[in-house]
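Below, each chain spelled out in residue letters.
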Amino acid sequence: MNFISKQETFEIIGLYMEVHNNLGAVFLEIVYKDALEYEFQARISSISEKSTL
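Residues numbered from 1 in each chain as written. Predicted model: local features only at pLDDT ≥ 70, side-chain atom pairs only at ≥ 80, totals over all residues. Heavy atoms only, no water.

Colleague: Can you break down the overall build of the chain residue by residue, with the values?
Modeller: Of the regular secondary structure elements, the chain holds two helices and zero strands. Counting only residues that meet the buried cut, the chain has 9% of its 53 residues in that class. Total accessible area computed for the chain in this model is approximately 4,800 Å², and 62% of it derives from carbon and sulfur atoms. (Helix = DSSP H or I, 4+ residues; strand = E, 2+ residues; numbered from the N terminus. Buried < 20%, exposed > 50% of the residue type's maximum accessible area, 1.4 Å probe, protein only. Areas by Shrake-Rupley, 256 points an atom, 1.4 Å probe, with all protein chains shown as cover.)

Right, dumping it as structure tokens:
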């Protein structure tokens, strides 16, 4: 079984906390899921742009 590294885990939890802090605790789960998906896609795009430079 492949597990992600401590650093990746730390970054994922940090991203979740950032989204939760920005949105607050008033929305349904789907809103947080969509926001996390958006943030993950933005990070992936940012990383792939940096790797092509």
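Now that the structure has been shown, the text picks up again.
Colleague: With reference to specific residues and values, describe helix α1 (residues 6-23).
Modeller: End to end, α1 covers 26 Å across 18 residues, agreeing with the expected 26 Å (1.5 Å per residue, within 8%). Remark: Gly24 follows α1 within two positions and exhibits a positive phi of approximately 85°. (Expected span 1.5 Å × (residues − 1).)

Colleague: So, the pattern of salt bridges: which residues are in play, and what are the values?
Modeller: Close approach of charged atoms lets side chains of opposite charge pair. Tallied over the entire structure, the rule returns three salt bridges. Two residues, Lys33 and Asp34, come together in a salt bridge whose shortest N-O distance is 3.1 Å. Judged by relative accessible area, which is 40%, Lys33 ranks as partly exposed. Look at Asp34 and you get partly exposed, because its relative accessible area is 41%. (Salt bridge = Lys/Arg side-chain N within 4 Å of Asp/Glu carboxyl O.)

Colleague: I'd like to hear about the environment of Ala35, residue by residue, with values.
Modeller: Checked against the element boundaries, Ala35 lands in helix α2 (residues 29-52). Taking the C-alpha atoms as reference points, Ala35 and Tyr16, separated by 19 residues in sequence, lie 9.2 Å from one another.

Colleague: Talk me through the nonpolar core; I want residue IDs and the actual numbers.
Modeller: Inside soluble globular proteins, nonpolar side chains tend to come together where they are buried. Within the largest apolar cluster, five residues are counted, these being Leu15, Val19, Tyr32, Ala35 and Leu36. By residue number, the principal contributor to this core is α2, which donates three residues. Residue contacts for Leu36: discarding those within four places in its chain leaves Leu15, Tyr16 and Val19. (Core = buried A, V, L, I, M, F, W, Y, C linked by side-chain atoms within 4.5 Å. Contact = heavy atoms within 4.5 Å.)

Colleague: Requested: an account of a nonpolar patch on the surface, with residues and values cited.
Modeller: Judged by side-chain polarity, Ile4, Ile12, Phe40 and Ile44 come together as a nonpolar surface patch covering roughly 340 Å² of accessible area. As for its position among the elements, Ile12 is in helix α1. (Patch = residues over 30% accessible without salt bridge, like charges linked within 9 Å, V, L, I, M, F, W, Y side chains within 5 Å.)

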